[in-house]
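One letter stands for each residue in the lines below.
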Amino acid sequence: MDYSKKTYRNVFEEYGIDSKKISERLEEIKQEFFYSDDRVYFTAGEDMGYLMDTGNNDARTEGMSYGMMMCVQLNMKEEFDRIWKWAKTYMYMSEGENEGYFAWSCSIDGRKNAYGPAPDGEEYFAMALLFASHRWGDGEGIFNYSKEANDILTAVLHKGENGRPGEAMWNHENHQILFVPGADFTDASYHLPHFYTLFSEWGPKEDKNFWCQAAQSSREYLVKACHPVTGFSPEYGEFDASPMSRPLRWGKWRHDWFYSDAYRTVANIALDYEWFKKDEGQIEAAANIQKFLLDDMRAGTYHTYEIDGRVADTNVLHPVAITSTCAEGALALENNELSKEWVLTFFNTPLRKGDRRYYDNCLYLFAFLALSGNYRIY
């Protein structure tokens, strides 16, 4: 399909913000995110760079793949190539059970903190690389973007087959992405049906049908994962979309509530709708979240919630992320005063400062790109 003539909503303009002001604000955000004292992106040597999780002082496949997606959207090829080279140099695993995957966390000097992957990184890497191939053309070696993307897409589906070591990142029976390879549960915020639709068109031809089914499965999953009143999804979920409350081997922290990972779900739903206009009932979550969190937004203080809306007894770590993603939900909704209030509040919210700025500001930049019509299919 030819996406070159596709149009994208500029929600800021729809709600009365001048186009020049929008462009100027986007440039300010880019400069602060990539180049200021409060940046998240850092160069390394002559030709590499990384995004740092400033709250944990490491580089994660989440942030690295996010950075690449931001760069291809902003036409920042040098930074894209720097991030990708760092990821391939330090994160990529060329042997062992997880050969073909990327270590989810590395120290900023490149040492691996773990030898396991996080599937959201791989799916963003693949999508960003395909966009880069279409926007800039393929280069040589690791900069043969389309080949690198297809290698990742083959690994995530076919590890464990035909003598290949390790396990896949998708369940082949229900077409759901897994929290980690081999897991028996998922994460609603990992479900990106808009990416899977494009993987079905541009990925390995033998997997076209799987990705088509994965896109449909994810949209249907998100309908069930988002609470019908609050719109909240849990961080981790069972395959039937109920909250995953079982204990995990790597820690005692719970993941069955509306907490940090889960803030991304409404943004993903909204971008999917903006790109493909397919609704299985999942876009209702955007309206429900905007309504349920309205008082918190107006007060400037968010609570942590159980998915049914009961207040939970812990602090919110990423308030700017909540404002950003809830505002981005406007892409899935008809013009209305409630969405307008969220969008204008977001536009006037500054990027976060301090140690916790990484996650908030990543979701902030994505939301600004999307709401300004600059998060596009290439």
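Preceding this paragraph is the structure being described.
Report on the accompanying structure. (Residues numbered from 1 in each chain as written. Predicted model: local features only at pLDDT ≥ 70, side-chain atom pairs only at ≥ 80, totals over all residues. Heavy atoms only, no water.)

1. Let's talk about the pairing of strand β1 (residues 41-44)
Where a strand is regular, its side chains alternate between the two sheet faces. As paired elements, β1 and strand β2 (residues 48-51) share four bridges and run antiparallel to each other. Note on β2: the bridge partner recorded for Tyr 41 is Leu 51. A loop of three residues connects β1 with β2, the two strands running antiparallel in sequence, and Gly 45 in this loop sits at a positive phi of about 65°. (Pairing = 2+ DSSP bridges. Helix = DSSP H or I, 4+ residues; strand = E, 2+ residues; numbered from the N terminus.)

2. Quick notes on a negative patch on the surface
A cluster of acidic side chains, namely Glu 220, Asp 279, Glu 280 and Glu 284, defines a negative patch on the protein surface. Its location among the elements puts Asp 279 in the loop between α9 (264-276) and α10 (284-292). We classify Asp 279 as partly exposed; its relative accessible area is 40%. (Patch = residues over 30% accessible without salt bridge, like charges linked within 9 Å, V, L, I, M, F, W, Y side chains within 5 Å. Areas by Shrake-Rupley, 256 points an atom, 1.4 Å probe, with all protein chains shown as cover. Salt bridge = Lys/Arg side-chain N within 4 Å of Asp/Glu carboxyl O. Lys, Arg positive; Asp, Glu negative; His and termini not counted. Charge placed at Lys NZ, Arg CZ, Asp CG, Glu CD. Buried < 20%, exposed > 50% of the residue type's maximum accessible area, 1.4 Å probe, protein only.)

3. Structural notes on the packing of helix α12 (residues 319-328) against helix α13 (residues 337-347)
Working note: a packed helix pair is described by the angle between its axes plus the distance between those axes. Put simply, α12 and α13 touch, their axes get as near as 8 Å, and they point 135° apart. Put simply, α12 runs oblique to α13. With respect to the hand of their crossing, α12 and α13 are arranged in left-handed fashion. In this structure, α12 contributes Ile 322, Thr 323, Ser 324, Cys 326 and Ala 327 to the contact, and α13 contributes Trp 342, Val 343, Thr 345 and Phe 346. (Axes fitted to C-alpha atoms, helices over the stretch in contact; angles between N-to-C directions. Parallel < 35°, antiparallel > 145°, perpendicular 65-115°, else oblique. Left-handed = near helix turned anticlockwise from the far one by under 90°. Contact = heavy atoms within 4.5 Å.)

4. Thoughts on helix α3 (residues 61-74)
In an α-helix there are 3.6 residues to a turn, and that puts residues three or four apart on one side. With 14 residues, α3 extends 20 Å from end C-alpha to end C-alpha; this agrees with the ideal 20 Å at 1.5 Å per step. Count one or two residues on from α3 and you reach Asn 75, which has phi positive near 60°. (Expected span 1.5 Å × (residues − 1).)

5. What to know about the packing of α12 against helix α14 (residues 357-371)
Two numbers describe how α12 lies on α14: the axes approach to 8 Å, and their chain directions differ by 20°. It follows that α12 is roughly parallel to α14 by the angle criterion. When you trace α12 past α14, the crossing you get is left-handed. Contacts from Pro 319, Val 320, Ala 321, Ser 324, Thr 325, Ala 327 and Glu 328 of α12 reach α14 at Tyr 359, Asp 360, Leu 363, Tyr 364, Phe 366, Ala 367, Ala 370 and Leu 371. In terms of residue class, the contact of α12 with α14 is built from 11 nonpolar, two polar and two charged. (Nonpolar A, V, L, I, M, F, W, Y, C, P; charged D, E, K, R; others polar.)

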